[in-house]
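Take a look at the letters that make up each chain.
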Amino acid sequence: MSVSSGRKLPLLPMLGHTKGKRSPVTCALKCDNACSGEVCNSSSNDYFRDIASATMSRRSALGFGAAGALAVVFGNAVTATETAAAAGPGLAAAAKAGFGKSKLHFSAIAPVDAAVDAFTVPAGFSWQPIIRWGDPLFNDSPAFDVDRQSAAAQARQFGYNNDYTDILELPGSKGRRAVLFANHEYTNETIMFPASMPAAAVRAIGAAAHGLTVVELERKNKNTPWSYVKGARLNRRYLNDTAYELTGPVAGSPLVQTKADPSGRTILGTLGNCSGGTTPWGTILSGEENFNGYFVSAGTSPEDKRYGLSSKPTARQWELDDPRFDTRNPGYANESNRFGWIVEVDPQDPTSTPKKHSAMGRFKHEGANVIVAASGHVVAYMGDDERFDYLYKFVSKDKYRPGTTAADRRHNMTLLSAGDLYVAKFSGDSPAAEIDGSGKLPADGAFDGAGEWLPLVVGGKSMVSGMSVEEVLVYTRLAADKVGPTKMDRCEDVQPSLHTGKVYVACTNNTDRGKTGKEGATEVNPRTLNRDGHIVEITEAGDQTSTKFNWNLLLVCGDPARNTSAYFAGFPADQVSPISCPDNLAFDSVGNLWISTDGAPSSTGYADGLFKVTLAGPERGRVEQFLAVPRDAETCGPIIHDEERHVFVAVQHPGEDGSFEAQNSRFPDYVAAGATPKPGQARVPRPSVVQVFRADD
């Protein structure tokens, strides 16, 4: 269909829900069909499963029992108690007392069929949206009207497909006022707009639905749900014309200079924002992930191929309206180099300029999560969300100031602008030649090994032969290829625990496992076509600035009733909630891990959801499902305020596989097809930030 016609996105398949497969609409819109092609990672670096397989096969061959295996697990690692004692300002006060019992008591829900269009919570809990796509943010913002959408209206309303979220209490409000941050990863124009809408209007409104949002919240007391405040002082939208300051070694580099910005220091907009993190000084980090899907490029250079840039028209075709989105246009060859960074936003200051931090490297950032090491340096952990890509760590040059003055905060807001960048290499405790190929899971759960952080930039100098610091940071994937890190299965959220200092890595899945020319099943992931993913637990050898670490597997995900290779840190598999495709991670106040999922319908047939995992004591590895999201949706941005018995999630792309004329979901308003909506309701699904709370509070 022609670009000038009413129908949008001519490259997208119009398909309904297909059980057992990832939505083709999600693949096209969210990640530019990354799984249908091969991003050119031609390095010979080891696969993570090869290494884990070597470790476990040797353990089996040597006949270690449970005691011997556990000695290997803990003998070379820093224990949780030792870590907490040494970790300094980065750890929560609760670390001194260890793990405790949460006030958030619930009975795990049963898995929900993926076709069910409902938001499901445990008995005794209720839910309501805090804010939905299209809700007006400012006093002059129009109310959302699906039949009268415009770019000007959308720029003053809450954006689409919220992913990372956080809620920060405003000082002096006694818990009654807060600020909510949400980013907007991508749009699905097929279900947002009628087929009759002009294509140019579709492109403009879709562009305005991207970016970031900050909005104030209020409530009567700590037991009542939050509501957003229209017209509040801190409310702000970050759009494609919002100016971002590029910080760090790449600022001003010829690699990021364009016709519109010859200085190479000011970037307009942010794209593909996925997960994120919140800093100890109260700013928000957001990761630019699948930015490549917004650009047309020659697609022939090693850099283009490694980042998935191609010459095909983009799904949204913004290149028809703005020359910078076609890097073949004179003066815009470097425009795509200006995306793929970690963004930092100050939600407390609506006049501040957001930043993109080049010192943290450029790749498909899922997010960045910060902890303060015992040395006082700030350490950020980051995953590159692509099959067979890498895990990274950034260590700040300067040290964190724990004071509360304005000068302390200004100093801390510079910490991510300079520092050292590393990439992870995992190893087992035996050579690969000792693999016995048994494919059996160890009864004692001794999934463990060692590892090191390989330097890319240290002390302001490149550690990669033949590449300058600027080249390492702009083409971080290519630089990492050269130093030999470990290929991972889509490491997404990477969260350090403020209770123990341990680091948790969500490896969502890798559907290439077992395909022709690809590695097959191993002990650490004994299945072909790894659809379920796993969680890696890392213990740094010292504080978080160390270049050595130990690792083990906390979870090998799956439905135990259907998949005997699922593993839950030794906890009985028949006593857990089935879990698949871990994505975002969070912790509650007493150190339990919470996991939101993305893609479970494709592997288990169940809806995506939010799960609690106990990390310590006799129930370590116990997985309990807290909620399930509606049809076609994924669960994002979990926030756990267990002391108030409140949980928050971002519900992204509900009804993704439908069309405007035949919707797959009515979340969150649930207006019946053909019915007249009440004020504030809509006939279309609306991505939303949702609060779950005790019904009796």
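Rules and cut-offs
Residues numbered from 1 in each chain as written. Predicted model: local features only at pLDDT ≥ 70, side-chain atom pairs only at ≥ 80, totals over all residues. Heavy atoms only, no water. Helix = DSSP H or I, 4+ residues; strand = E, 2+ residues; numbered from the N terminus. Buried < 20%, exposed > 50% of the residue type's maximum accessible area, 1.4 Å probe, protein only. Contact = heavy atoms within 4.5 Å. Areas by Shrake-Rupley, 256 points an atom, 1.4 Å probe, with all protein chains shown as cover. Pairing = 2+ DSSP bridges. Axes fitted to C-alpha atoms, helices over the stretch in contact; angles between N-to-C directions. Salt bridge = Lys/Arg side-chain N within 4 Å of Asp/Glu carboxyl O. 1 Å grid on protein atoms, 1.4 Å probe; cavity = no way out; pocket = protein on both sides within 12 Å on 5 of 7 lines; lining within 4 Å. Points joined across faces, edges and corners; volume = space filled by probe spheres on them. Phe/Tyr/Trp six-rings, centres within 6.5 Å; stacked < 30°, edge-to-face > 60°. Core = buried A, V, L, I, M, F, W, Y, C linked by side-chain atoms within 4.5 Å. Polar contact = N/O pair within 3.5 Å; in protein donor to acceptor, adjacent residues only side chain to side chain. Disulfide = S-S within 2.5 Å.

Asks: Describe the overall build of the chain, naming the residues involved and giving the relevant values.
Replies: Secondary structure summary: the chain contains 12 helices and 32 strands in total. Counting across all 697 residues of the chain, residues that qualify as buried make up 63%. Considering only contacts within the chain whose residues lie at least 6 apart along the sequence, 68% involve residues at least 24 apart. With the model as given, the accessible surface of the chain reaches about 23,800 Å², and the carbon-plus-sulfur share is 53%.

Asks: Pulling in residues and values, what's your account of the environment of Glu289?
Replies: Position of Glu289 relative to the elements: it lies in the loop between strand 10 (284–288) and helix 8 (302–306). When the C-alpha atoms of Glu289 and Cys274 are compared, they prove to be 6.1 Å apart, with 15 residues separating the residues in sequence. Here Glu289 is in contact with Glu185, Leu271, Gly272, Cys274, Lys364, His365, Glu366 and Asp385, once residues within four sequence places are set aside.

Asks: Describe the environment of Ala633, with residues and values.
Replies: Note that Ala633 resides in the loop between strand 29 (623–628) and strand 30 (634–641). The buried category is assigned to Ala633, whose relative accessible area is 4%. Each C-alpha atom of the pair Ala633 and Gly655 lies 6.6 Å from the other, and the pair is 22 residues apart in sequence. Apart from residues no more than four positions distant in its own chain, Ala633 is found in contact with Asp608, Val651, Gln652, His653 and Pro654.

Asks: Describe helix 7 (residues 199–208), listing the residues and the values that go with them.
Replies: Most of helix 7 is tucked away: 7 of the 10 residues are buried. Listing the buried residues of helix 7 in full gives Ala199, Val202, Arg203, Ile205, Gly206, Ala207 and Ala208. Looking at the buried side of helix 7, the elements it contacts are helix 5 (151–154), helix 6 (189–192) and strand 6 (236–238).

Asks: Run through the sheet that holds strand 11 (residues 342–345), naming residues and quoting values.
Replies: In a beta sheet, neighbouring strands pair by backbone hydrogen bonds and run either parallel or antiparallel. Pairing is mixed in the open sheet, where 6 strands are placed in the order 8-7-12-11-10-9. Edge strands, defined here as strands with exactly one partner in the open sheet, are strand 8 (266–268) and strand 9 (273–278). On average, each strand axis in the sheet is tilted by 30° relative to the strand beside it, whichever way the strands run. When strand 9 meets strand 10, the two strands line up antiparallel, connected through 4 bridges. Within strand 10, the residue paired with Asn273 across the bridge is Glu288.

Asks: Account for the pattern of salt bridges, with residues named and values stated.
Replies: Applying the stated criterion to the full structure yields 35 salt bridges. We note a salt bridge from Asp140 to Arg156, for which the minimum N-O separation is 2.8 Å. Remark: Arg156 occurs in the loop between helix 5 and strand 2 (162–169) and Asp140 occurs in the loop between strand 1 (125–132) and helix 5; sequence separation between them is 16 residues. Taking the relative accessible area as the measure of exposure, Asp140 reaches 55% and is therefore exposed. Classification of Arg156 by relative accessible area gives partly exposed; the value is 31%.

Asks: Could you give an account of the sheet that holds strand 30, naming the residues involved and the relevant values?
Replies: Strand order in this open sheet of 4 strands is 1-32-31-30, and the pairing throughout is antiparallel. The open sheet has two edge strands with one neighbour each: strand 1 and strand 30. Here the average twist between neighbouring strands, direction ignored, is 25°. As judged from the 6 bridges shared by strand 30 and strand 31 (residues 646–652), these two strands associate in the antiparallel manner. Across the sheet, residue Ile639 finds its bridge partner in strand 31, namely Phe648.

Asks: Describe unusual backbone geometry, with residues and values.
Replies: Backbone geometry follows two general trends: most residues other than glycine have a negative phi, and most peptide bonds adopt the trans configuration. With an omega of -5°, the peptide bond between Phe667 and Pro668 qualifies as cis. Here Pro668 is to be found in the loop between strand 31 and strand 32 (688–694). The phi dihedral of Lys174 is positive, around 55°, even though this residue is not glycine. Inspection of the secondary structure puts Lys174 in the loop between strand 2 and strand 3 (177–184). In this structure, Gln317 is a non-glycine residue whose phi angle is positive, near 60°. Looking at where Gln317 falls in the secondary structure, it is placed in the loop between helix 8 and strand 11.

Asks: Provide a residue-level description of the layout of surface pockets, including the pertinent values.
Replies: Looking at the largest pocket, its volume works out to about 1,400 Å³. Lining the largest pocket are 48 residues, and of these Asp166, Leu168, Thr278, Thr279 and Leu498 sit closest to its centre. Elements represented by at least two residues in the lining of the largest pocket include exactly strand 2, strand 9, strand 13 (369–372), helix 9 (406–412), strand 21 (491–496), strand 26 (582–587) and strand 30. Tallying contributions element by element places strand 2 first for the lining of the largest pocket, with 6 residues.

Asks: Can you tell me about helix 11 (residues 476–483), naming the residues and giving the values?
Replies: Within helix 11, 6 of the 8 residues are buried, which leaves the element mostly enclosed by the surrounding structure. Among all positions in helix 11, only Thr476, Arg477, Leu478, Ala479, Ala480 and Asp481 are buried. Trailing helix 11 by a residue or two, Gly484 shows a phi angle of about 85°, which is positive.

Asks: Let's hear about the packing of aromatic side chains: which residues, and what values?
Replies: Within this structure, the stated rule accounts for 24 aromatic pairs. Ring geometry for Trp281 and Tyr400: centres 6.1 Å apart, planes at 35°, overall tilted. Highlighted residues: Trp281 in the loop between strand 9 and strand 10 and Tyr400 in the loop between strand 16 (391–399) and helix 9, separated in sequence by 119 residues. Accessibility classification places Trp281 together with Tyr400 in one group, the buried group.

Asks: Before we move on, could you go through the nonpolar core and cite the residues and values that matter?
Replies: Within the largest apolar cluster, 54 residues are counted, with the highest numbers of intra-cluster contacts made by Met360, Val378, Met382, Tyr392 and Phe394. At the level of elements, helix 1 (24–30), strand 13, strand 14 (377–383), strand 16, strand 17 (419–427), strand 18 (448–458), helix 10 (469–474) and helix 11 are the ones that each hand at least two residues to this core. When sequence neighbours within four positions are dropped, the list of residues in contact with Tyr392 reads Phe363, Ala380, Tyr381, Met382, Asp384, Tyr422, Val423, Trp453, Leu456, Thr476, Arg477 and Ala480. Grouped together as the second largest cluster of nonpolar side chains are 23 residues, Leu391, Phe426, Val505 and Ile538 included.

Asks: Outline the side chain of Ser358, listing residues and values.
Replies: Summarising the element assignment, Ser358 is placed in the loop between strand 12 (355–357) and strand 13. From its side chain, Ser358 meets the backbone nitrogen of Val250 in a polar contact 3.1 Å long. If we skip the residues at most four places from it in the chain, Ser358 touches Leu246, Thr247, Gly248, Pro249, Val250, Ala251, Trp341 and Leu473.

Asks: Go over the state of the cysteines, please, and point to the residues and values.
Replies: Across all of its chains, the model carries 0 disulfides by this definition. Cys274 takes part in no disulfide bond, and the closest cysteine sulfur to it belongs to Cys636, at a distance of 6.8 Å.

Asks: Could you give an account of the side chain of Asp163, naming the residues involved and the relevant values?
Replies: Its place among the elements puts Asp163 in strand 2. By relative accessible area, Asp163 is classed as buried at 1%.

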